[in-house]
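Okay, here's what each chain looks like letter by letter:
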Amino acid sequence: QVQLVESGGGLVQPGGSLRLSCAASGRIFSINAMGWYRQAPGKQRELVASITSGGNTNYADSVKGRFTISRDSAKNTVYLQMSSLKPVDTAVYYCNARLLDLLRRNLEVWGQGTLVTVSS
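Right, let's walk through the structure included here. This is a predicted model, so every value here is computed, not measured.

What counts and what doesn't
Counting restarts for each chain, with residues numbered from 1 along the sequence as it is written. Given that the model is predicted, a residue must reach a pLDDT of at least 70 before its local features are reported, and side-chain atom pairs must reach 80 or more before they are shown or counted; all residues, however, enter totals for whole chains, interfaces and linings. Processing note: side-chain calculations cover all non-hydrogen atoms of the structure and skip hydrogens and water entirely. Runs of E in the DSSP output that reach at least two residues are strands. Runs of H or I that reach at least four are helices, and both are numbered from the N terminus. Any two residues whose heavy atoms approach within 4.5 Å at even a single point are treated as in contact. Cysteine sulfur atoms are paired as a disulfide whenever they come within 2.5 Å of each other. Here the term buried applies to any residue with accessible area under 20% of the maximum for its type, exposed to any over 50%, and partly exposed to those in between, with areas from a 1.4 Å probe on protein chains only. Salt bridges are defined by distance alone: a side-chain nitrogen of Lys or Arg within 4 Å of a carboxyl oxygen of Asp or Glu. In this text, buried Ala, Val, Leu, Ile, Met, Phe, Trp, Tyr and Cys residues form a nonpolar core when linked through side-chain atoms within 4.5 Å.

## Digging into the environment of Leu20
For step 1, the next point in the chain: Take Leu20: it is sitting in strand S3 (residues 18–26).
For step 2, the next point in the chain: Ignoring sequence-local partners within four residues, the contact set of Leu20 consists of Ser7, Gly8, Gly9, Trp36, Val78, Tyr79, Leu80, Met82, Tyr93, Thr114 and Val116.

## With respect to the state of the cysteines
For step 1, the next point in the chain: As enumerated under the stated definition, the model contains one disulfide in all.
For step 2, the next point in the chain: A sulfur-sulfur distance of 2.0 Å marks the disulfide that ties Cys22 to Cys95. What sets the handedness of the Cys22 and Cys95 disulfide is the S-S torsion sign, and at about -85° it is left-handed. Of this pair, Cys22 sits in strand S3 while Cys95 is found in strand S9 (residues 91–101), placing the two residues 73 residues apart along the sequence. The pair formed by Cys22 and Cys95 is uniform in burial state, with each residue classed as buried.

## Here we look at the pattern of salt bridges
For step 1, the next point in the chain: Under the defined criterion, the tally for this structure stands at six salt bridges.
For step 2, the next point in the chain: Among the salt bridges present, the one from Glu46 reaches Arg38, with a minimum N-O distance of 2.8 Å.
For step 3, the next point in the chain: A residue is classified by how much of its surface remains accessible, and Arg38, at 6% relative accessible area, is buried.
For step 4, the next point in the chain: Between Asp61 and Lys64 there is a salt bridge; the shortest N-O distance is 3.1 Å.
For step 5, the next point in the chain: Look at Asp61 and you get exposed, because its relative accessible area is 64%.

## A closer look at the nonpolar core
For step 1, the next point in the chain: With 32 residues, the main nonpolar core has Met34, Trp36, Leu80, Met82 and Tyr93 as its most contacted residues.
For step 2, the next point in the chain: Among the secondary structure elements, those contributing two or more residues to this core are strand S1 (2–7), S3, strand S4 (28–39), strand S5 (46–52), strand S7 (67–72), strand S8 (77–82), S9 and strand S11 (114–118).
For step 3, the next point in the chain: The element contributing the most residues to this core is S9, with five residues.
For step 4, the next point in the chain: With near-sequence residues (within four places) excluded, Tyr93 lies in contact with Glu6, Leu20, Trp36, Tyr37, Arg38, Val48, Phe67, Leu80, Met82, Gly113, Thr114 and Val116.

This is the structure we're talking about:
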């Protein structure tokens, strides 16, 4: 079994900052990529940012220059530093991991989600 545990969501004023964390644990052989998705009320889930094992990053256009994804490979943890937050960033943020488990099976795992609310 593999689990992703997210933390760091909450209420923040427009223009503020938050940092999300996501730690992967369990029967992991290697992690190929981790990322953050979000889903706002009434909308589809969308990719926010991702980072590969090689450190390559990808961002949604809407967050470029405001959000930064990073990782600590030794801790199997990914972070999302969010700055200059806007009300449109309000959503449930989900962590995602694509990995090999100890049986060398390709798995895609999701966290439970953490709510980010940007409001004055």
